[in-house]
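So you can see what is in the structure, the chains are spelled out below.
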Amino acid sequence: MTVHGAPAAAGSVELLLGRLAPEIGEVFASFKIPYQDSEDLLQEALLALLLKRDRIQEPASWLLGALRTQCLIYWRRRRRRLYEAIDATLLEMAADPVPADDERTNWRCDLSHAISHLSDRCKSILRLRYGLGYEGDEVAERLGYRASSIRKVTLRCLSALTHRITGSPPAREVRA
Amino acid sequence: MSLSHPSQELFERFAGGELTADERRLVVEHLLAGCERCRDLAARYWPSSLPVAEAAASRLGGRIWARLQERELRAVREREQAEELLASILNDSPARRHTQVVNRRRYHTWAFCRCLQDQSIVRIFADPHDALALAELALEVAQLIPPADATPALLADLKARVWARIANARRVLGDFPGAEAALAEARMWLARGTGDPMEEADVLELEGSLRTAQRRFEQAEGALRRAIRLHSRIGDRHAEGKVLVVLAVMKNTCGEPRQSIDLLQQALGLIDAARDPRLAINARHNLAVALASVGEPQEALQHIAALRALYDPTRDRVSLLRLRHLESRVRNAMGDHATALEGLDEVRRQFMDLAMPLEVALTALEMATIQVELGMLDAAQRLASETMAISRSLGIQREALAALLVIEEAAQRKALTQQLIKEVLTFLQQSKQNPELKFRG
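Please read these numbers as outputs of a predicted model, since none were measured by experiment.

### Some points on the overall build of chain A
So, point 1. A tally of helices and strands in chain A yields 7 helices and 0 strands.
So, point 2. The secondary structure elements of chain A, listed N-terminal to C-terminal, are α-α-α-α-α-α-α.
So, point 3. Here chain A, with 176 residues, has 46% of them falling under the buried criterion.
So, point 4. Restricting the contact set of chain A to residue pairs at least 6 apart, pairs at least 24 apart contribute 66%.
So, point 5. Here chain A has roughly 8900 Å² of accessible surface; of this, 50% comes from carbon and sulfur atoms.

Below you can see the structure in the form of structure tokens.
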């Protein structure tokens, strides 16, 4: 037996979609989701609605809420890919044993300059990370963080560094 | 800095981790140097600059719907079949169920997995071992659902929910380390899921119950209040009421019955009795318990009378016994000791018929408290001896038997006091939640 009510009839989700088209558009607009990516987000939210339909009491508000969550996650994941790509590349560059020449030391100066504008905490973490090649647990031990929390703190510092070097505003979730 | 700027396509591939080391270096050097063209490319990773989908939502929906239509029909069909599939295996042994389910494709559906989870909840008090077996089977099914039927994030949601059910069953069985491990799995899968607040609320509710059983009340309250906020955000008032009931029970357990009453009254205003009649009954029953605790006997009796009409005499025998038990306590508090003793004795005998030794012992001790208060020491001694014999024959756990032995010996020495009975009562009540508890008499 289902604990929460009867399953919906076929076709009811299609009707809901038609009714909610304007609000769905508003969600995408408020989160500034690029057109080419909006289809995937809406499809994921609709599939979730189909599968979880028997538990959902207010399908309209659930769908719009799910879509907002998808949009938040979309930007979060997109930015995180960029932070991680920059971080991985900086770690490679920092580990490069090739003797420094003028061109090669420029990036170190640029990085140092960017880091100098961050908070004291991020300066410490990133200088250990890129300057001395410390891994996460070593940074945690050196700076007195718990091993379980250093990853989150490091990610925030990577975010701050990325914002600094890309000239973008600080990450703040866009809320509809 | 090299003069060759990365293209947009190259930048996208950079963020996707698809470039060679030299290509990656080019991009990062440009960014570090403050290259404006590269900064423009990076700006696409923030929600400010790209054409958005507003005007196209209706066309978007139509196109997606064409793809999902068949999936919807299949989802409806699978939900209809899931109940029949469950009925076909429910009376089998866990081993046979496992063989049937794992080897037959028709069981590998989202709907059937959900059915198993729901059945695990239904069975949790009647047969917690079977509830655990059903939840573990649901986990196997979740792992067998074809990847094309749901996205990885949706399957992660499903697994989080299943692990929460496993944690719940282990909690009821008194396996707290096992419950913690299962809760950790649930949280891990939740982190990989869709971010659906309904799923997080579900895991938090079960965490709240576990923390209550562990007597970590502050953590329990934190988890349950967060679950309530999430349900409120989703707009599911009934689910909000359901968690309020769990919170109220926790408050009563930690000795705050007045807060429990407030919470239950809020919950009754939110619960949809048509959607879940048992939840509404459960809330009223807990309200009667709390009212009795704070010395509101008349109001408690009114709720008890109303509840008696709502319970099914066949299906709810244990609940009706608990109601009679509560009523006897209330009558005792009102000074009607004779009626209270009569009621408690009736409850005690019915728990004996049901072979529930801990409940027999608890009821007998409550009777003994009243008898000692009234100076009926011989009756209390006889009851203590009888209870030891019955508890032993019904196979009560060892620590509880040790506690009852202390009572029997004190009764024989005519040294039985209300204080001693209260200590043993408290121990037996706590051992219901934690069978590993040791008696220190």
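From this point, things continue past the structure.
### Thoughts on the pattern of salt bridges
So, point 1. Scanning the model with the defined rule gives 46 salt bridges over all chains in all.
So, point 2. Among the ionic pairs, Lys-123 of chain A bridges to Asp-120 of chain A, the shortest N-O distance being 3.5 Å. One end of the pair, Lys-123 of chain A, and the other, Asp-120 of chain A, are both in helix 5 (residues 120–131), 3 residues apart, so they sit about a helical turn from each other.
So, point 3. The class for Lys-123 of chain A is buried, based on a relative accessible area of 18%.
So, point 4. A residue is classified by how much of its surface remains accessible, and Asp-120 of chain A, at 57% relative accessible area, is exposed.
So, point 5. Close ionic contact of Arg-123 of chain B with Asp-130 of chain B constitutes a salt bridge, the shortest N to O distance being 3.0 Å.
So, point 6. Judged by its relative accessible area of 26%, Arg-123 of chain B falls in the partly exposed class.
So, point 7. Classification of Asp-130 of chain B by relative accessible area gives buried; the value is 8%.
So, point 8. Overlapping salt bridges bring together Lys-52 and Arg-55 of chain A together with Asp-157, Arg-161, Arg-165, Asp-196, Glu-199 and Asp-202 of chain B as one network.

### As for the state of the cysteines
All names here are of chain A.
So, point 1. By the definition in use, this model includes 1 disulfide over all chains.
So, point 2. Between the sulfur atoms of Cys-122 and its disulfide partner Cys-157 the distance amounts to 2.2 Å. Note on the Cys-122 and Cys-157 pair: the S-S dihedral is about -80°, so by sign convention the disulfide is left-handed. Of this pair, Cys-122 sits in helix 5 while Cys-157 sits in helix 7 (residues 147–166), placing them 35 residues apart in sequence.
So, point 3. With relative accessibility at 6%, the residue Cys-122 sits in the buried group.
So, point 4. Residue Cys-157 is classed as buried on the basis of its relative accessible area, which comes to 1%.

### What to know about the interface of chain B and chain A
So, point 1. Contacts between the two partners involve 66 residues from chain B, matched on the other side by 72 residues from chain A.
So, point 2. Here chain B packs against chain A, burying approximately 6500 Å² in sum over the two surfaces, 61% of which is carbon and sulfur.
So, point 3. Where chain B touches chain A, the interface holds 7 salt bridges.
So, point 4. For Arg-24 of chain B, the salt bridge is made with Glu-92 of chain A, and the minimal N-O distance between the two is 2.5 Å.
So, point 5. When residues of the side of chain B that touches chain A are traced back to their parent elements, those giving at least two are helix 1 (8–15), helix 2 (21–32), helix 3 (36–42), helix 4 (57–89), helix 6 (110–122), helix 8 (152–172) and helix 10 (197–213) of chain B.
So, point 6. For the side of chain B that touches chain A, the element with the highest residue contribution is helix 4 of chain B, accounting for 18 residues.
So, point 7. Looking at the side of chain B that touches chain A residue by residue, the classes come out as 33 nonpolar, 11 polar and 22 charged.

### Thoughts on the confidence of the model for chain A
Residue and element names in this part refer to chain A.
So, point 1. Of the residues in chain A, 85% reach a pLDDT of 70 or more, and the chain-wide mean stands at 83.
So, point 2. The secondary-structure element of chain A with the lowest mean pLDDT is helix 4 (residues 102–116), recorded at 81, while helix 5 shows the highest, at 92.
So, point 3. This stretch, residues 1–7, has a pLDDT under 50; its non-local contacts, to residues over four places away or in other chains, come to 15 contacts.
So, point 4. The model gives residues 172–176 a pLDDT under 50, and that stretch makes 12 contacts with residues more than four places away or in other chains.

### What about the nonpolar core?
So, point 1. Counting residues in each nonpolar core, the largest one holds 80 residues, and the members touching the most others are Ile-24, Trp-62 and Leu-63 of chain A together with Phe-112 and Leu-116 of chain B.
So, point 2. Once residues within four sequence positions are removed from consideration, Leu-116 of chain B is found in contact with Leu-86, Ile-89, Leu-134, Leu-137, Ala-138 and Val-141 of chain B.
So, point 3. Judged by nonpolar contacts, the second largest core, of 40 residues, contains Ile-86 and Ile-165 of chain A together with Ala-15 and Val-28 of chain B.

### Notes on the packing of aromatic side chains
Any aromatic ring pair is given by two values, namely how distant the centres are and how the planes are angled relative to each other.
So, point 1. In this structure the tally under the stated criterion is 4 aromatic pairs over all chains.
So, point 2. Over the aromatic face of Trp-189 of chain B sits the side chain of Arg-192 of chain B, whose NZ or CZ is 4.8 Å from the ring centroid.

### Some words on the packing of helix 2 (residues 35–52) of chain A against helix 8 of chain B
So, point 1. Following both chains from N to C, one finds helix 2 of chain A and helix 8 of chain B inclined at 35°, their axes separated by 10 Å at the closest point. Our pair here, helix 2 of chain A against helix 8 of chain B, has a crossing hand that is right-handed. For the pair helix 2 of chain A and helix 8 of chain B, contact is made by Glu-44, Leu-47, Ala-48, Leu-51 and Lys-52 of chain A and by Ala-153, Leu-154 and Asp-157 of chain B, respectively.
So, point 2. When its residues are assigned to classes, the contact of helix 2 of chain A with helix 8 of chain B shows 5 nonpolar, no polar and 3 charged.

### Overview of the packing of helix 12 (residues 237–253) of chain B against helix 14 (residues 277–293) of chain B
Residues and elements named next belong to chain B.
So, point 1. For the pair helix 12 and helix 14, the least separation of the axes is 10 Å and the interaxial angle reads 30°. Comparing the axis directions of helix 12 and helix 14 gives the class roughly parallel. Here helix 12 and helix 14 pass one another in a crossing that is left-handed. Mapping the contact onto sequence places His-238, Lys-242, Val-245, Val-249 and Asn-252 in helix 12 and Leu-279, Asn-282, Ala-283, Asn-286, Val-289, Ala-290 and Ser-293 in helix 14.
So, point 2. Of the residues belonging to the contact of helix 12 with helix 14, the class tally is 6 nonpolar, 5 polar and 1 charged.

### Focus on unusual backbone geometry
So, point 1. Even without being glycine, Lys-32 of chain A reaches a positive phi, approximately 55°.
So, point 2. Structurally, the position occupied by Lys-32 of chain A is in the loop between helix 1 (12–31) and helix 2.
So, point 3. Judged by relative accessible area, Lys-32 of chain A falls into the partly exposed class, the value being 35%.
So, point 4. Despite not being glycine, Lys-414 of chain B shows a phi value in the positive range, around 60°.
So, point 5. Position of Lys-414 of chain B among the secondary structure elements: in the loop between helix 20 (398–412) and helix 21 (418–433).
So, point 6. Residue Lys-414 of chain B is classed as partly exposed on the basis of its relative accessible area of 48%.

Cut-offs applied
- The residue numbers shown here count from 1 along each chain, following its written sequence.
- The order in which chains are written sets their letters, starting at A; the order in which ligands are written sets their numbers, starting at 1.
- Confidence filtering applies because this is a predicted model: local features only for residues at pLDDT of at least 70, side-chain atom pairs given and counted only at 80 or more, and all residues used for totals across whole chains, interfaces and linings.
- Excluded from the side-chain calculation are hydrogens and water; included are all heavy atoms of the structure.
- Each helix is a run of DSSP H or I of at least 4 residues and each strand a run of E of at least 2, with the numbering of both proceeding from the N terminus.
- Remark: exposure states derive from per-residue accessible area (1.4 Å probe, protein chains only) relative to the maximum for the residue type, with buried under 20%, exposed over 50%, and partly exposed in between.
- Contact between two residues is taken to exist if any of their heavy atoms lie within 4.5 Å; hydrogens are not considered.
- Surface exposure here means Shrake-Rupley accessible area, sampled with a 1.4 Å probe, where a residue is shielded only by the protein chains that are shown.
- Salt bridges are defined as contacts in which a side-chain nitrogen from Lys or Arg sits within 4 Å of a carboxyl oxygen from Asp or Glu.
- In plain terms, two cysteine sulfur atoms within 2.5 Å form what is called a disulfide here.
- Simply put, the buried area is the total loss of 1.4 Å probe accessible area from both parts when two parts are fitted together.
- Gly falls in the polar group here, along with every residue not listed as nonpolar (Ala, Val, Leu, Ile, Met, Phe, Trp, Tyr, Cys, Pro) or charged (Asp, Glu, Lys, Arg).
- One confidence number per residue, pLDDT, is output by the predictor and ranges from 0 to 100.
- We call a set of buried Ala, Val, Leu, Ile, Met, Phe, Trp, Tyr and Cys residues a nonpolar core when their side-chain atoms join them within 4.5 Å.
- In this scheme Phe, Tyr and Trp rings, the latter by its six-membered ring, pair at centre separations within 6.5 Å, and the angle between planes marks the pair as stacked below 30 degrees, edge-to-face above 60, and tilted otherwise.
- Note on geometry: a ring has a charge over it if NZ (lysine) or CZ (arginine) is within 6 Å of the ring centre and within 35 degrees of the ring normal.
- Every axis in this analysis is a line fitted to C-alpha atoms, fitted for helices over the stretch in contact. Angles between the N-to-C directions lie between 0 and 180 degrees.
- Handedness of each helix crossing follows the sense of rotation of the near helix against the far helix: counterclockwise by less than a right angle gives left-handed, clockwise gives right-handed.
- Orientation is classified from the angle alone, with under 35 degrees giving roughly parallel, over 145 giving roughly antiparallel, 65 to 115 giving roughly perpendicular, and any other angle giving oblique.

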